[in-house]
Amino acid sequence: MDSTSSLYRGLVALAVPLVPLVLRDARQQRAHAGRVNASNAMAAWARAHRDPSRPLAWFHAPSVGEGLQARAVLDALRALRPEMQLVYTHFSPSAESFAASLTVDYAGYLPYDQPASVAAALTALSPDLLVFTKLDLWPELATQAAARGTRVAMVAATVSPLSGRLRWPARAATRAGYRALSTVGAISSDDAARLIRLGTPSERITVTGDPRVDSVLAVVEGVAADDPLTRLADPATTMVAGSTWPEDEAVLLAAFAIVRRAHPSARLILVPHEPTDAHLTAIDALAAQHALPQPVRLGALRPDEQPAIVLGDRVGVLARLYGSGGMAHVGGGFGAAGIHSVLEPAAWSRPVVIGPHDRGSRDAAMLRTAGGLVTLPTDGAVERLVAIWSSWLANPSDAAALGQCNRAALEGERGAAVRSAALLDSIPR
């Protein structure tokens, strides 16, 4: 069994002490403290609740998007193996509330990938199965777990062709971790080929599809018909812009100011990826610069109020808010963040607009092929968005038809969660 490379261990040893120096806010400071204390928290849970007569599966996903993929597989595995204890870890502070909502025996932060912390976590939990999600594999954890006899797997495995992990020195530093994988459920054959480049033996990889499709469809299909967050506005006149960054908002609000001249009933529900007070205040100022009405915070919205701009001021509501619009803009395509989830609006049968840089997103490519996704150009983005937005407002049936194309594309991907869980259950006990 390969051990973690000295290059990787050296990089981690240098990086972790520097983390406190780059933390931007209290939430990130809390996350850092959670990672530092993660092994102790796991040990405290294990002393009180670990049942050694029951197998334990440890699922890890870094943030909410990957967490949705993990949850779909986790739920399917629970149905197959109800006797299992289930542990879920995350890395991002944005996933705290999501992790707390899961039906698992323990949820918390992942420890930093340092030898002592990883060893303590594995000793405390004694997992039978360790499951990484998407590409967030931590080599120290993977190699130590495999050396102890834990079955190490990956589900929803995805490797963007632009991923830095495919290049030196990242590929050399992480190779042992990918070789430690005993079973991999890849989203596509292209992802499988790139996983082989990272070091995973080809015979251990099966193409199972994307379990996040199952998760997103389940979320949308589980929303109550009278959920107020899905009934904030007339979908025919409303754009929902989700997970936006300042670069997205600059284009959106400039376009909205123009759109409203011809379509005064047009509305915008704007949900920033990070709805901090500073970010929301900046959006207020930008709206004022474009002579737009003052945005109204979602938390302060009265039931009978119909403002031009509703501003999402909390996390965890976007998947439902997409139901209030007849069209969607998904953020991340103008800056360096990368496109956020286009699957949620697609599950609501909404056409989608994104910025020019999708970073090789498979989801974006799928919807583009289906005909329900539009990519804005780098130059002339405002003008192009005005044209698309105005067209959909003038012809809501056309927008609805494109949205149905997106939903049909998702329907064709159903079942990946069950296939992934069956793959995990087939690992020899």
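Up top is the structure these notes are about.
A separate point is the pattern of salt bridges. In the structure shown here, the tally under the stated rule is 20 salt bridges. Notably, a salt bridge pairs Glu-140 with Arg-9, separated by 2.8 Å at the nearest N-O pair. On the criterion of sequence distance, the pair formed by Glu-140 in helix H8 (residues 139-147) and Arg-9 in helix H1 (residues 6-15) is long-range, its members being 131 residues apart. Assessed through its relative accessible area of 0%, Glu-140 is described here as buried. Residue classification places Arg-9 among the partly exposed positions, given a relative accessible area of 36%. Residue Arg-407 pairs with Glu-221 through a salt bridge whose shortest N-O separation is 2.7 Å. Placement of the pair is Arg-407 in helix H18 (residues 396-411) and Glu-221 in helix H11 (residues 211-221), with a sequence separation of 186 residues. With a relative accessible area of 16%, Arg-407 lands in the buried category. Using a relative accessible area of 44% as the deciding quantity, one classes Glu-221 as partly exposed.

Turning our attention to unusual backbone geometry. Look at the link from Trp-168 to Pro-169: it is a cis peptide, with omega at 10°. Mapping Pro-169 onto the fold places it in the loop between strand S5 (151-157) and helix H9 (170-179). Despite not being glycine, Ser-349 has its phi angle at roughly 65°, a positive value. You can see Ser-349 is positioned in the loop between helix H15 (343-347) and strand S13 (352-354). Given the relative accessible area of 15%, Ser-349 is considered buried.

Reading the values: rules and limits
- Residues numbered from 1 in each chain as written.
- Predicted model: local features only at pLDDT ≥ 70, side-chain atom pairs only at ≥ 80, totals over all residues.
- Heavy atoms only, no water.
- Salt bridge = Lys/Arg side-chain N within 4 Å of Asp/Glu carboxyl O.
- Helix = DSSP H or I, 4+ residues; strand = E, 2+ residues; numbered from the N terminus.
- Buried < 20%, exposed > 50% of the residue type's maximum accessible area, 1.4 Å probe, protein only.

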